[in-house]
Amino acid sequence: MLDFLNRLAQKSRIYLDYAALTPPDIRVSREIAQTVQRHFANPSAIHADGVHARRALSEARARVARTLNAHADEILFVATGTEANNLAIFGLFKKLVMPKTLGGYGLKPSDLHCLVSEIEHTSVLESMRHLSEVGVTVEHLSIDATGSVDVAELRKKLRPNTFLVSVMSVNNEIGTVQPIDEVAKAVRKARKENVLAGMIARDTNALSQVLFPLFHCDASQSPLYAKLSTTQLGADLITLDSHKVCGPRSVGVLWVRRGIELMPIMYGGGQERGVRSGTENVPGAVGMAKALELAEGLREREVARLTELRNYFILHAQEKLAKKTPHVQLFLNGSSDIDSQHQSPHIVSVSFQPTDVGAPPIDHEFLLLKLDARGVACSTKSACLRDEDESYVIRALRRAQAAAIAAGILSAASVPRTPHALRFSFGRWTTKRDIDRAIIALVESLRSI
(Lines give C-alpha, C1' and ligand atoms only; values in the text may rest on other atoms or scores of the structure.)
Protein backbone atom coordinates (compact mmCIF):
# COMPACT_ATOMS: atom_id res chain seq x y z
CA MET A 1 0.00 0.00 0.00
CA LEU A 2 2.82 2.41 0.91
CA ASP A 3 4.65 1.73 -2.35
CA PHE A 4 1.41 2.31 -4.24
CA LEU A 5 0.85 5.67 -2.54
CA ASN A 6 4.46 6.72 -3.10
CA ARG A 7 4.27 5.89 -6.81
CA LEU A 8 0.78 7.25 -7.45
CA ALA A 9 2.00 10.74 -8.40
CA GLN A 10 4.67 9.29 -10.72
CA LYS A 11 2.56 6.80 -12.69
CA SER A 12 2.55 8.79 -15.94
CA ARG A 13 6.28 9.63 -15.88
CA ILE A 14 9.51 7.77 -15.19
CA TYR A 15 11.64 9.56 -12.63
CA LEU A 16 15.30 8.57 -12.99
CA ASP A 17 16.88 11.56 -11.27
CA TYR A 18 17.10 10.30 -7.68
CA ALA A 19 20.69 11.52 -7.28
CA ALA A 20 19.37 15.09 -7.57
CA LEU A 21 16.22 14.85 -5.48
CA THR A 22 14.40 11.89 -3.96
CA PRO A 23 10.59 11.92 -3.60
CA PRO A 24 9.75 12.00 0.12
CA ASP A 25 8.59 8.71 1.56
CA ILE A 26 4.93 8.77 2.59
CA ARG A 27 5.92 7.57 6.07
CA VAL A 28 8.21 10.58 6.41
CA SER A 29 5.49 12.94 5.19
CA ARG A 30 3.05 11.56 7.77
CA GLU A 31 5.46 12.12 10.65
CA ILE A 32 6.21 15.64 9.44
CA ALA A 33 2.48 16.43 9.22
CA GLN A 34 1.93 15.22 12.78
CA THR A 35 4.88 17.28 14.03
CA VAL A 36 3.63 20.41 12.27
CA GLN A 37 0.33 20.12 14.13
CA ARG A 38 1.72 19.09 17.53
CA HIS A 39 5.01 20.96 17.79
CA PHE A 40 4.51 24.22 15.93
CA ALA A 41 6.00 26.47 18.63
CA ASN A 42 9.47 27.99 18.71
CA PRO A 43 11.73 25.47 20.53
CA SER A 44 13.63 28.37 22.13
CA ALA A 45 10.51 29.60 23.91
CA ILE A 46 10.17 28.80 27.64
CA HIS A 47 6.40 28.29 27.66
CA ALA A 48 4.92 24.77 27.61
CA ASP A 49 4.45 24.67 23.82
CA GLY A 50 8.07 25.70 23.31
CA VAL A 51 9.23 23.01 25.74
CA HIS A 52 7.28 20.36 23.79
CA ALA A 53 8.85 21.54 20.52
CA ARG A 54 12.31 21.52 22.09
CA ARG A 55 11.75 17.97 23.30
CA ALA A 56 10.74 16.87 19.80
CA LEU A 57 13.90 18.49 18.39
CA SER A 58 16.07 16.78 20.99
CA GLU A 59 14.48 13.42 20.20
CA ALA A 60 15.09 13.96 16.48
CA ARG A 61 18.73 14.78 17.21
CA ALA A 62 19.10 11.61 19.29
CA ARG A 63 17.48 9.52 16.52
CA VAL A 64 19.89 10.85 13.90
CA ALA A 65 22.79 10.20 16.30
CA ARG A 66 21.73 6.59 16.84
CA THR A 67 21.58 6.01 13.10
CA LEU A 68 25.09 7.39 12.66
CA ASN A 69 26.51 5.67 15.77
CA ALA A 70 27.28 9.12 17.14
CA HIS A 71 26.56 11.32 20.16
CA ALA A 72 23.55 13.62 20.09
CA ASP A 73 25.68 16.67 20.92
CA GLU A 74 27.68 16.05 17.71
CA ILE A 75 24.63 16.62 15.48
CA LEU A 76 24.01 20.08 14.04
CA PHE A 77 20.79 20.65 12.09
CA VAL A 78 21.18 23.04 9.14
CA ALA A 79 19.07 23.94 6.11
CA THR A 80 20.90 22.11 3.30
CA GLY A 81 23.90 19.99 2.45
CA THR A 82 25.42 23.09 0.88
CA GLU A 83 25.15 24.94 4.19
CA ALA A 84 26.67 21.98 6.03
CA ASN A 85 29.65 21.98 3.65
CA ASN A 86 30.11 25.73 4.06
CA LEU A 87 29.87 25.51 7.83
CA ALA A 88 32.43 22.71 7.99
CA ILE A 89 34.94 24.60 5.84
CA PHE A 90 34.45 28.21 6.91
CA GLY A 91 33.59 27.40 10.53
CA LEU A 92 36.92 25.63 10.87
CA PHE A 93 38.82 28.29 8.91
CA LYS A 94 37.42 31.10 11.09
CA LYS A 95 38.44 29.25 14.23
CA LEU A 96 42.02 29.11 12.96
CA VAL A 97 42.39 32.70 11.75
CA MET A 98 40.34 34.49 14.41
CA PRO A 99 42.55 36.37 16.91
CA LYS A 100 43.22 34.56 20.18
CA THR A 101 41.45 37.35 22.05
CA LEU A 102 38.26 36.37 20.17
CA GLY A 103 38.61 32.66 20.76
CA GLY A 104 40.61 31.68 17.70
CA TYR A 105 44.16 30.49 17.11
CA GLY A 106 45.40 33.68 15.45
CA LEU A 107 46.91 32.01 12.37
CA LYS A 108 47.33 33.73 9.00
CA PRO A 109 45.45 32.40 5.95
CA SER A 110 48.79 32.17 4.14
CA ASP A 111 49.96 29.73 6.84
CA LEU A 112 47.19 27.26 5.95
CA HIS A 113 46.87 24.49 3.38
CA CYS A 114 43.83 22.49 2.16
CA LEU A 115 43.41 19.38 0.00
CA VAL A 116 40.19 18.70 -1.92
CA SER A 117 39.29 16.26 -4.66
CA GLU A 118 38.74 17.82 -8.08
CA ILE A 119 35.24 16.32 -8.39
CA GLU A 120 33.69 17.49 -5.11
CA HIS A 121 30.24 19.08 -5.01
CA THR A 122 30.25 22.71 -6.15
CA SER A 123 29.49 23.92 -2.62
CA VAL A 124 32.85 22.46 -1.52
CA LEU A 125 34.83 23.56 -4.58
CA GLU A 126 33.46 27.12 -4.48
CA SER A 127 34.17 27.37 -0.75
CA MET A 128 37.73 26.24 -1.38
CA ARG A 129 38.06 28.73 -4.22
CA HIS A 130 37.12 31.51 -1.81
CA LEU A 131 39.72 30.29 0.71
CA SER A 132 42.37 30.48 -2.00
CA GLU A 133 41.31 34.05 -2.78
CA VAL A 134 42.02 35.10 0.82
CA GLY A 135 45.45 33.46 0.89
CA VAL A 136 44.98 29.79 1.80
CA THR A 137 46.94 27.34 -0.37
CA VAL A 138 44.37 24.98 -1.87
CA GLU A 139 45.48 21.91 -3.84
CA HIS A 140 43.24 19.56 -5.79
CA LEU A 141 43.50 15.77 -5.70
CA SER A 142 43.26 14.19 -9.13
CA ILE A 143 41.15 11.15 -10.03
CA ASP A 144 41.91 8.05 -12.06
CA ALA A 145 40.07 6.82 -15.16
CA THR A 146 37.23 5.41 -13.01
CA GLY A 147 36.74 8.64 -11.05
CA SER A 148 38.50 7.44 -7.88
CA VAL A 149 40.73 9.76 -5.85
CA ASP A 150 44.45 8.95 -5.90
CA VAL A 151 45.28 8.22 -2.24
CA ALA A 152 49.00 7.99 -3.00
CA GLU A 153 48.85 11.55 -4.30
CA LEU A 154 47.01 12.58 -1.14
CA ARG A 155 49.78 11.17 1.04
CA LYS A 156 52.42 13.04 -0.97
CA LYS A 157 50.55 16.35 -0.84
CA LEU A 158 49.80 16.36 2.89
CA ARG A 159 51.84 19.04 4.67
CA PRO A 160 52.46 19.97 8.31
CA ASN A 161 50.20 23.01 7.76
CA THR A 162 47.33 21.09 6.08
CA PHE A 163 44.28 21.84 8.20
CA LEU A 164 41.54 20.18 6.12
CA VAL A 165 41.08 17.37 3.59
CA SER A 166 37.68 17.14 1.87
CA VAL A 167 36.67 14.06 -0.14
CA MET A 168 33.07 12.99 -0.78
CA SER A 169 31.92 9.40 -0.19
CA VAL A 170 30.07 8.88 -3.50
CA ASN A 171 30.30 11.18 -6.50
CA ASN A 172 26.88 12.57 -7.33
CA GLU A 173 27.41 12.55 -11.12
CA ILE A 174 29.22 9.30 -11.94
CA GLY A 175 28.53 7.25 -8.82
CA THR A 176 32.13 6.35 -8.02
CA VAL A 177 32.55 5.18 -4.42
CA GLN A 178 35.65 6.87 -3.05
CA PRO A 179 38.24 5.03 -0.88
CA ILE A 180 37.16 6.92 2.23
CA ASP A 181 38.73 4.49 4.69
CA GLU A 182 42.14 4.93 3.03
CA VAL A 183 41.75 8.70 3.00
CA ALA A 184 40.83 8.65 6.70
CA LYS A 185 43.87 6.52 7.56
CA ALA A 186 46.20 8.86 5.66
CA VAL A 187 44.77 11.90 7.46
CA ARG A 188 45.01 10.26 10.89
CA LYS A 189 48.61 9.25 10.24
CA ALA A 190 49.50 12.83 9.22
CA ARG A 191 47.78 14.15 12.35
CA LYS A 192 49.79 11.87 14.63
CA GLU A 193 53.02 12.88 12.88
CA ASN A 194 52.15 16.56 13.28
CA VAL A 195 51.45 16.14 16.99
CA LEU A 196 54.73 14.30 17.50
CA ALA A 197 56.68 16.94 15.56
CA GLY A 198 55.04 19.72 17.57
CA MET A 199 55.89 18.02 20.85
CA ILE A 200 59.51 17.54 19.84
CA ALA A 201 59.83 21.15 18.70
CA ARG A 202 57.83 22.40 21.71
CA ASP A 203 56.16 24.85 19.34
CA THR A 204 53.03 26.02 21.13
CA ASN A 205 51.95 28.07 18.12
CA ALA A 206 52.22 25.23 15.62
CA LEU A 207 49.10 24.01 13.84
CA SER A 208 49.98 20.55 15.12
CA GLN A 209 49.07 21.62 18.66
CA VAL A 210 45.38 21.75 17.71
CA LEU A 211 45.28 18.25 16.15
CA PHE A 212 45.15 18.90 12.42
CA PRO A 213 44.59 17.99 9.62
CA LEU A 214 40.91 17.13 9.86
CA PHE A 215 38.92 15.09 7.35
CA HIS A 216 35.58 16.36 6.01
CA CYS A 217 33.37 13.99 4.02
CA ASP A 218 30.28 15.00 2.08
CA ALA A 219 28.28 11.78 2.42
CA SER A 220 25.00 13.12 1.01
CA GLN A 221 24.71 10.36 -1.62
CA SER A 222 25.50 7.50 0.77
CA PRO A 223 22.86 6.83 3.48
CA LEU A 224 20.44 4.91 1.23
CA TYR A 225 23.15 2.56 -0.03
CA ALA A 226 25.98 2.38 2.52
CA LYS A 227 26.24 2.02 6.27
CA LEU A 228 27.13 5.41 7.75
CA SER A 229 28.79 4.64 11.06
CA THR A 230 30.98 7.56 12.10
CA THR A 231 33.47 5.16 13.66
CA GLN A 232 33.79 3.14 10.45
CA LEU A 233 33.86 6.14 8.11
CA GLY A 234 36.73 7.72 10.01
CA ALA A 235 35.90 11.33 9.13
CA ASP A 236 35.89 14.26 11.55
CA LEU A 237 33.05 16.18 9.90
CA ILE A 238 30.25 14.59 7.84
CA THR A 239 27.64 16.29 5.66
CA LEU A 240 24.18 14.79 5.07
CA ASP A 241 21.23 16.16 3.09
CA SER A 242 17.65 15.14 3.83
CA HIS A 243 16.31 15.40 0.28
CA LYS A 244 18.83 12.78 -0.88
CA VAL A 245 17.37 10.13 1.46
CA CYS A 246 13.62 10.39 0.76
CA GLY A 247 13.25 13.04 3.45
CA PRO A 248 11.98 16.64 3.35
CA ARG A 249 13.74 19.49 1.59
CA SER A 250 15.55 22.30 3.39
CA VAL A 251 17.04 20.12 6.13
CA GLY A 252 20.60 18.92 6.47
CA VAL A 253 22.99 17.66 9.11
CA LEU A 254 26.60 18.39 9.87
CA TRP A 255 28.15 15.84 12.19
CA VAL A 256 31.08 17.34 14.10
CA ARG A 257 33.28 15.00 16.10
CA ARG A 258 33.55 15.86 19.79
CA GLY A 259 36.51 18.11 20.52
CA ILE A 260 36.34 20.00 17.21
CA GLU A 261 35.38 23.65 17.53
CA LEU A 262 33.72 25.62 14.75
CA MET A 263 32.88 29.29 14.64
CA PRO A 264 29.52 30.43 13.26
CA ILE A 265 29.29 31.74 9.72
CA MET A 266 26.00 33.51 10.42
CA TYR A 267 24.84 35.19 13.59
CA GLY A 268 21.60 35.52 15.50
CA GLY A 269 20.02 33.75 18.44
CA GLY A 270 22.83 31.24 18.95
CA GLN A 271 20.82 28.08 18.25
CA GLU A 272 22.53 24.74 17.57
CA ARG A 273 25.15 25.18 20.29
CA GLY A 274 25.87 28.72 19.12
CA VAL A 275 27.19 27.53 15.75
CA ARG A 276 24.08 27.83 13.56
CA SER A 277 21.64 30.59 14.47
CA GLY A 278 18.04 30.63 13.32
CA THR A 279 14.77 29.15 14.54
CA GLU A 280 15.08 25.40 14.17
CA ASN A 281 13.00 23.51 11.62
CA VAL A 282 11.51 20.98 14.03
CA PRO A 283 9.24 19.15 11.53
CA GLY A 284 12.13 18.97 9.08
CA ALA A 285 14.49 17.56 11.71
CA VAL A 286 11.91 14.94 12.70
CA GLY A 287 11.36 14.08 9.04
CA MET A 288 15.08 13.67 8.41
CA ALA A 289 15.44 11.44 11.46
CA LYS A 290 12.61 9.24 10.15
CA ALA A 291 14.11 9.14 6.64
CA LEU A 292 17.49 8.00 7.99
CA GLU A 293 15.84 5.32 10.13
CA LEU A 294 13.95 4.00 7.09
CA ALA A 295 17.16 4.00 5.06
CA GLU A 296 18.87 1.96 7.76
CA GLY A 297 16.12 -0.66 7.77
CA LEU A 298 15.70 -0.90 3.99
CA ARG A 299 19.36 -0.61 2.93
CA GLU A 300 20.32 -4.26 2.47
CA ARG A 301 17.26 -5.05 0.39
CA GLU A 302 17.52 -1.84 -1.64
CA VAL A 303 21.21 -2.30 -2.45
CA ALA A 304 20.54 -5.78 -3.83
CA ARG A 305 17.49 -4.63 -5.78
CA LEU A 306 19.10 -1.52 -7.26
CA THR A 307 22.31 -3.34 -8.14
CA GLU A 308 20.20 -5.74 -10.16
CA LEU A 309 18.30 -2.86 -11.78
CA ARG A 310 21.50 -0.97 -12.60
CA ASN A 311 23.06 -4.01 -14.25
CA TYR A 312 19.81 -4.73 -16.09
CA PHE A 313 19.71 -1.16 -17.40
CA ILE A 314 23.31 -1.27 -18.65
CA LEU A 315 23.11 -4.68 -20.33
CA HIS A 316 19.71 -4.16 -21.94
CA ALA A 317 20.49 -0.61 -23.09
CA GLN A 318 23.67 -1.88 -24.76
CA GLU A 319 21.76 -4.77 -26.34
CA LYS A 320 18.86 -2.64 -27.65
CA LEU A 321 21.12 0.11 -28.96
CA ALA A 322 23.30 -2.42 -30.79
CA LYS A 323 20.20 -3.75 -32.56
CA LYS A 324 18.19 -0.58 -33.13
CA THR A 325 20.84 2.14 -33.40
CA PRO A 326 24.10 0.49 -34.50
CA HIS A 327 25.39 3.93 -35.57
CA VAL A 328 25.51 5.00 -31.90
CA GLN A 329 27.90 3.65 -29.27
CA LEU A 330 27.26 3.73 -25.51
CA PHE A 331 30.07 4.29 -22.98
CA LEU A 332 29.95 4.02 -19.20
CA ASN A 333 31.48 6.80 -17.13
CA GLY A 334 33.08 5.50 -13.96
CA SER A 335 33.82 1.85 -13.39
CA SER A 336 33.31 -0.24 -16.53
CA ASP A 337 32.69 -3.33 -14.40
CA ILE A 338 28.95 -3.46 -13.79
CA ASP A 339 29.46 -5.54 -10.65
CA SER A 340 32.15 -3.26 -9.23
CA GLN A 341 32.08 -2.56 -5.49
CA HIS A 342 33.55 0.84 -6.31
CA GLN A 343 30.34 1.98 -8.00
CA SER A 344 27.16 3.05 -6.22
CA PRO A 345 24.13 0.95 -7.26
CA HIS A 346 21.89 3.95 -7.86
CA ILE A 347 23.85 5.98 -10.45
CA VAL A 348 24.64 5.22 -14.09
CA SER A 349 26.48 7.85 -16.13
CA VAL A 350 26.61 7.17 -19.87
CA SER A 351 27.92 8.97 -22.94
CA PHE A 352 26.89 8.44 -26.54
CA GLN A 353 28.84 9.03 -29.72
CA PRO A 354 28.47 8.06 -33.39
CA THR A 355 30.42 5.02 -34.53
CA ASP A 356 31.40 7.02 -37.62
CA VAL A 357 34.36 9.22 -36.61
CA GLY A 358 33.35 11.86 -39.16
CA ALA A 359 29.76 12.16 -37.95
CA PRO A 360 28.72 15.19 -35.86
CA PRO A 361 28.67 14.66 -32.07
CA ILE A 362 25.45 13.82 -30.28
CA ASP A 363 23.93 16.74 -28.39
CA HIS A 364 23.30 15.22 -24.95
CA GLU A 365 21.19 18.14 -23.75
CA PHE A 366 18.93 17.79 -26.79
CA LEU A 367 18.79 14.06 -26.09
CA LEU A 368 17.68 14.79 -22.53
CA LEU A 369 14.87 17.01 -23.82
CA LYS A 370 13.82 14.23 -26.20
CA LEU A 371 13.66 11.82 -23.26
CA ASP A 372 11.73 14.32 -21.18
CA ALA A 373 9.17 14.67 -23.96
CA ARG A 374 8.78 10.89 -23.81
CA GLY A 375 8.17 11.00 -20.06
CA VAL A 376 11.66 10.13 -18.77
CA ALA A 377 13.34 12.48 -16.26
CA CYS A 378 17.15 12.23 -16.08
CA SER A 379 20.00 14.78 -16.10
CA THR A 380 23.08 15.84 -18.05
CA LYS A 381 25.05 17.12 -15.05
CA SER A 382 24.57 18.21 -11.46
CA ALA A 383 21.53 20.47 -11.03
CA CYS A 384 23.85 22.87 -9.18
CA LEU A 385 25.71 23.69 -12.44
CA ARG A 386 23.16 26.05 -13.96
CA ASP A 387 25.65 28.29 -15.75
CA GLU A 388 28.02 25.69 -17.17
CA ASP A 389 27.44 23.92 -20.48
CA GLU A 390 29.33 20.81 -19.43
CA SER A 391 30.16 18.92 -16.27
CA TYR A 392 33.52 19.57 -14.59
CA VAL A 393 33.33 15.99 -13.27
CA ILE A 394 33.19 14.54 -16.79
CA ARG A 395 35.90 16.98 -17.86
CA ALA A 396 38.19 15.72 -15.07
CA LEU A 397 37.32 12.12 -15.94
CA ARG A 398 38.27 12.66 -19.60
CA ARG A 399 41.64 14.12 -18.55
CA ALA A 400 42.28 11.05 -16.40
CA GLN A 401 41.24 8.74 -19.23
CA ALA A 402 43.53 10.57 -21.67
CA ALA A 403 46.42 10.08 -19.23
CA ALA A 404 45.56 6.38 -18.93
CA ILE A 405 45.55 6.04 -22.73
CA ALA A 406 48.94 7.77 -22.95
CA ALA A 407 50.29 5.37 -20.30
CA GLY A 408 48.98 2.36 -22.18
CA ILE A 409 46.48 1.47 -19.42
CA LEU A 410 43.40 2.10 -21.59
CA SER A 411 42.76 1.81 -25.30
CA ALA A 412 41.49 4.90 -27.10
CA ALA A 413 38.56 2.87 -28.44
CA SER A 414 37.26 2.30 -24.90
CA VAL A 415 36.95 6.00 -24.11
CA PRO A 416 34.36 8.37 -25.63
CA ARG A 417 35.48 11.54 -27.38
CA THR A 418 32.54 13.58 -26.09
CA PRO A 419 32.85 15.71 -22.94
CA HIS A 420 29.13 15.23 -22.23
CA ALA A 421 27.05 12.58 -20.46
CA LEU A 422 23.58 11.60 -19.26
CA ARG A 423 23.00 10.51 -15.67
CA PHE A 424 20.27 8.00 -14.86
CA SER A 425 19.79 7.51 -11.12
CA PHE A 426 17.46 5.02 -9.47
CA GLY A 427 15.66 4.98 -6.16
CA ARG A 428 13.19 3.36 -3.81
CA TRP A 429 10.31 3.32 -6.29
CA THR A 430 12.17 2.54 -9.52
CA THR A 431 10.91 -0.69 -11.10
CA LYS A 432 12.08 -2.95 -13.92
CA ARG A 433 9.10 -1.72 -15.93
CA ASP A 434 10.43 1.84 -15.54
CA ILE A 435 13.81 0.67 -16.84
CA ASP A 436 12.23 -1.06 -19.86
CA ARG A 437 10.22 2.03 -20.73
CA ALA A 438 13.26 4.28 -20.29
CA ILE A 439 15.36 2.11 -22.62
CA ILE A 440 12.64 2.20 -25.27
CA ALA A 441 12.48 6.00 -24.96
CA LEU A 442 16.27 6.20 -25.17
CA VAL A 443 16.40 4.10 -28.34
CA GLU A 444 13.60 6.09 -29.96
CA SER A 445 15.26 9.41 -29.03
CA LEU A 446 18.65 8.38 -30.42
CA ARG A 447 17.06 7.08 -33.63
CA SER A 448 15.32 10.41 -34.13
CA ILE A 449 18.47 12.52 -33.70
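Residues numbered from 1 in each chain as written. Predicted model: local features only at pLDDT ≥ 70, side-chain atom pairs only at ≥ 80, totals over all residues. Heavy atoms only, no water.

A. A look at the overall build of the protein chain. When helices and strands are counted, the protein chain shows 12 helices and 12 strands. For the protein chain, the spread of C-alpha atoms along the three principal axes comes to 70 × 55 × 35 Å. Across the 449 residues in the protein chain, those meeting the buried criterion constitute 56%. In the protein chain, the proportion of contacts linking residues at least 24 apart, taken out of those at least 6 apart, comes to 72%. As displayed, the protein chain offers around 19800 Å² of accessible surface, 55% of which is attributable to carbon and sulfur atoms. Looking at charge distribution, the protein chain has the averaged site of its 55 positive side-chain charges lying 3 Å from that of its 48 negative ones. (Helix = DSSP H or I, 4+ residues; strand = E, 2+ residues; numbered from the N terminus. Buried < 20%, exposed > 50% of the residue type's maximum accessible area, 1.4 Å probe, protein only. Contact = heavy atoms within 4.5 Å. Areas by Shrake-Rupley, 256 points an atom, 1.4 Å probe, with all protein chains shown as cover. Lys, Arg positive; Asp, Glu negative; His and termini not counted. Charge placed at Lys NZ, Arg CZ, Asp CG, Glu CD.)

B. Spatial organisation of the environment of Leu368. Summarising the element assignment, Leu368 is placed in helix α10 (residues 364-373). With residues near it in sequence (within four places) discarded, Leu368 still touches Cys378, Ser379, Thr380 and Leu422.

C. Representation of the pairing of strand β8 (residues 252-256). Among the five residues in β8, five count as buried, and that is most of the element. Along β8, one buried face is formed by Gly252, Leu254 and Val256 and the opposite face, lined by Val253 and Trp255, is buried too. By the bridge criterion, five bridges tie strand β7 (residues 237-241) to β8 in an arrangement that is antiparallel. For Thr239, the partnering residue across the bridge sits in β8 and is Leu254. (Pairing = 2+ DSSP bridges.)

D. Molecular detail of the pattern of salt bridges. Tallying each qualifying case throughout the model produces 24 salt bridges. Salt-bridge contacts for Glu293 lead to Arg63; the nearest nitrogen and oxygen are separated by 2.8 Å. Of the two residues, Glu293 sits in helix α9 (residues 282-324) while Arg63 sits in helix α3 (residues 48-68), which places them 230 residues apart along the sequence. Look at Glu293 and you get partly exposed, because its relative accessible area is 30%. A salt bridge links Glu139 to Arg159, with the nearest nitrogen and oxygen atoms 3.3 Å apart. (Salt bridge = Lys/Arg side-chain N within 4 Å of Asp/Glu carboxyl O.)

E. Representation of the environment of Tyr225. Turning to its location among the elements, Tyr225 is positioned in the loop between β6 (214-218) and α8 (230-233). For Tyr225, a relative accessible area of 12% gives the class buried. Sequence separation between Tyr225 and Asp434 is 209 residues, and the spatial gap between their C-alpha atoms is 20 Å. Here Tyr225 is in contact with Arg299, Val303, Leu306, Ser344, Pro345, His346, Phe426 and Gly427, once residues within four sequence places are set aside.

F. Here's a closer look at the packing of aromatic side chains. In this structure the tally under the stated criterion is three aromatic pairs. Note on Phe313 and Phe424: the rings are 5.0 Å apart at their centroids and 45° apart in plane angle, and the pair reads as tilted. With Phe313 in helix α9 and Phe424 in strand β12 (residues 422-425), the pair connects residues that are 111 residues apart, well separated along the chain. Residues Phe313 and Phe424 agree in their burial class; the two are buried. Here the aromatic cluster, defined as three or more aromatic residues joined through ring pairs, consists of Phe313, Phe424 and Phe426. Geometry around Tyr105 places Lys95 over its ring, the cationic atom sitting 5.6 Å from the centre. Sitting above the plane of the Tyr312 ring, Lys432 keeps its charged end 4.7 Å from the centroid. (Phe/Tyr/Trp six-rings, centres within 6.5 Å; stacked < 30°, edge-to-face > 60°. Lys NZ or Arg CZ within 6 Å of the ring centre and 35° of its normal.)

G. Broad picture of the nonpolar core. Residues Leu131, Phe163, Phe215, Phe352 and Phe424 are the most contacted members of the largest nonpolar core, which totals 122 residues. In terms of residue count, the dominant contributor to this core is α9 (16 residues). If sequence neighbours within four positions are ignored, Phe424 has contacts with Leu16, Phe313, His346, Ile347, Val348, Val350, Leu371, Cys378 and Leu442. (Core = buried A, V, L, I, M, F, W, Y, C linked by side-chain atoms within 4.5 Å.)

H. Focus on empty space enclosed by the protein. Considering all chains together, one arrives at two cavities of 30 Å³ or more under this definition. Computed from the structure, the largest cavity encloses a volume of approximately 50 Å³. Along the walls of the largest cavity sit Leu224, Tyr225, Ala295, Leu298, Arg299, Glu302, Gly427 and Arg428, which together make up its complete lining. Here the second largest cavity defines a volume of roughly 40 Å³. Lining the second largest cavity we find Glu173, Ile174, Ser349, Thr380, Lys381, Ile394, Ala421, Leu422 and Arg423. Here the residues of the lining of the second largest cavity are counted per class, giving four nonpolar, two polar and three charged. (1 Å grid on protein atoms, 1.4 Å probe; cavity = no way out; pocket = protein on both sides within 12 Å on 5 of 7 lines; lining within 4 Å. Points joined across faces, edges and corners; volume = space filled by probe spheres on them. Nonpolar A, V, L, I, M, F, W, Y, C, P; charged D, E, K, R; others polar.)

I. Quick look at the sheet that holds strand β5 (residues 162-166). In space, the seven strands of this open sheet follow the order β2-β8-β7-β6-β5-β3-β4, with mixed pairing throughout. Each edge of the sheet is formed by a strand with only one pairing partner; in this case those strands are β2 (75-78) and β4 (137-141). Adjacent strand axes in the sheet meet at a mean angle of 20° when their direction is disregarded. Sheet contacts for α3: β2, β7 and β8; angle to β2, the most-contacted strand, approximately 115°. Sheet contacts for α9: β2, β7 and β8; angle to β7, the most-contacted strand, approximately 100°. (Axes fitted to C-alpha atoms, helices over the stretch in contact; angles between N-to-C directions.)

J. A look at a nonpolar patch on the surface. Among the surface-exposed residues, Phe366, Leu369 and Ile449 lie close enough to one another that they form a single nonpolar patch of about 280 Å² accessible area. For Ile449, the location among the structural elements is in the segment after α12 (432-448). (Patch = residues over 30% accessible without salt bridge, like charges linked within 9 Å, V, L, I, M, F, W, Y side chains within 5 Å.)

K. View of the sheet that holds β12. Read across the open sheet, the three strands follow the order β9-β10-β12; overall the sheet is antiparallel. A strand with exactly one partner marks an edge of an open sheet, and here the two such strands are β9 (328-333) and β12. Each adjacent strand pair in this sheet contributes to an overall mean axis angle of 30°, direction not counted. The pairing of strand β10 (residues 347-354) with β12 spans four bridges and is classified as antiparallel. Its bridge partner being in β12, Val348 is matched across the sheet by Phe424.

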